Amino acid sequence: MNLTRDRLRSIGWAALLIICVTLLVALTFRVNAVKSQVRLTERQIVTVKHEKMFLETEFQTRANQQQLKSLNDVEFGYQAPTAGQYLEGERQLADLGKPRAAGAPSPIRVARLALEGDAGDGFPAMVSPLTGRAMAAEVSAEAPRKPVTAATLGERLGTVERKEAAKP
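Residues numbered from 1 in each chain as written. Predicted model: local features only at pLDDT ≥ 70, side-chain atom pairs only at ≥ 80, totals over all residues. Heavy atoms only, no water.

**Some thoughts on the overall build of the protein**
For the protein, the helix and strand inventory stands at three helices and zero strands. From first element to last, N terminus to C terminus, the protein shows the α and β order α-α-α. Considering the protein as a whole, with its 168 residues, one finds that 1% of them fall into the buried category. Only carbon and sulfur atoms are counted for the fraction: they give 61% of the accessible area of the protein, which is about 17,500 Å². (Helix = DSSP H or I, 4+ residues; strand = E, 2+ residues; numbered from the N terminus. Buried < 20%, exposed > 50% of the residue type's maximum accessible area, 1.4 Å probe, protein only. Areas by Shrake-Rupley, 256 points an atom, 1.4 Å probe, with all protein chains shown as cover.)

The following block contains the structure:
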């Protein structure tokens, strides 16, 4: 095979091009490796900044606790509750109550004006603005009402009644 000068020159340019592409790929890999190291270092910097901020906050909190303790010791004299200050139950809480003294003011009472159309139970009727009907079941005026006592209330709350679904 006879190699001519032009053929030899084109083979040389192709070899040079292949070498340049190989160097470009190697340089790209190296740049990406350095970029990933930079990103990793930036993440570590952010993590260290967060830890530093956390430690500064913790230090300020502890310093405030010391300052509050010294202020409490000097100014207020508050003490932590002891085991004897906790109550066992409702009876001990009720024992703490005292009857009203002779000179104590009377409790506040609120008066209410009864309006016409009031049911007398103290609550206005809940009426739907769309249908005009009462939202809750109406109590008939003819049926005698049972007196509500602790026994009847417990009995009424203790039973479960099934309501049938209303058919439209």
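**Overview of the confidence of the model for the protein**
In this model, the protein carries an average pLDDT of 78, and 66% of its residues clear a pLDDT of 70 or more. Averaged pLDDT values over the elements of the protein bottom out at 68 in helix 3 (residues 150–158) and peak at 90 in helix 1 (residues 5–76). (pLDDT = per-residue confidence, 0-100.)

**Details of helix 1**
Helix length check: helix 1 (72 residues) gives 104 Å between terminal C-alpha atoms against 106 Å at 1.5 Å per residue, within 8%. One or two residues past the end of helix 1 sits Gly77, with phi positive at roughly 75 degrees. (Expected span 1.5 Å × (residues − 1).)

**Looking at the pattern of salt bridges**
In total, this model carries one salt bridge according to the counting rule given. The partner of Glu56 in a salt bridge is Lys52, and the shortest N-O contact between them spans 3.9 Å. Taken together, the residues Glu56 and Lys52, both in helix 1 and four residues apart, mark about one turn of the helix. (Salt bridge = Lys/Arg side-chain N within 4 Å of Asp/Glu carboxyl O.)

**So, a nonpolar patch on the surface**
A contiguous nonpolar surface patch, about 400 Å² in accessible area, is contributed by Leu17, Val21, Val25 and Phe29. Within the secondary structure, Val21 is located in helix 1. For Val21, a relative accessible area of 43% translates into the label partly exposed. (Patch = residues over 30% accessible without salt bridge, like charges linked within 9 Å, V, L, I, M, F, W, Y side chains within 5 Å.)

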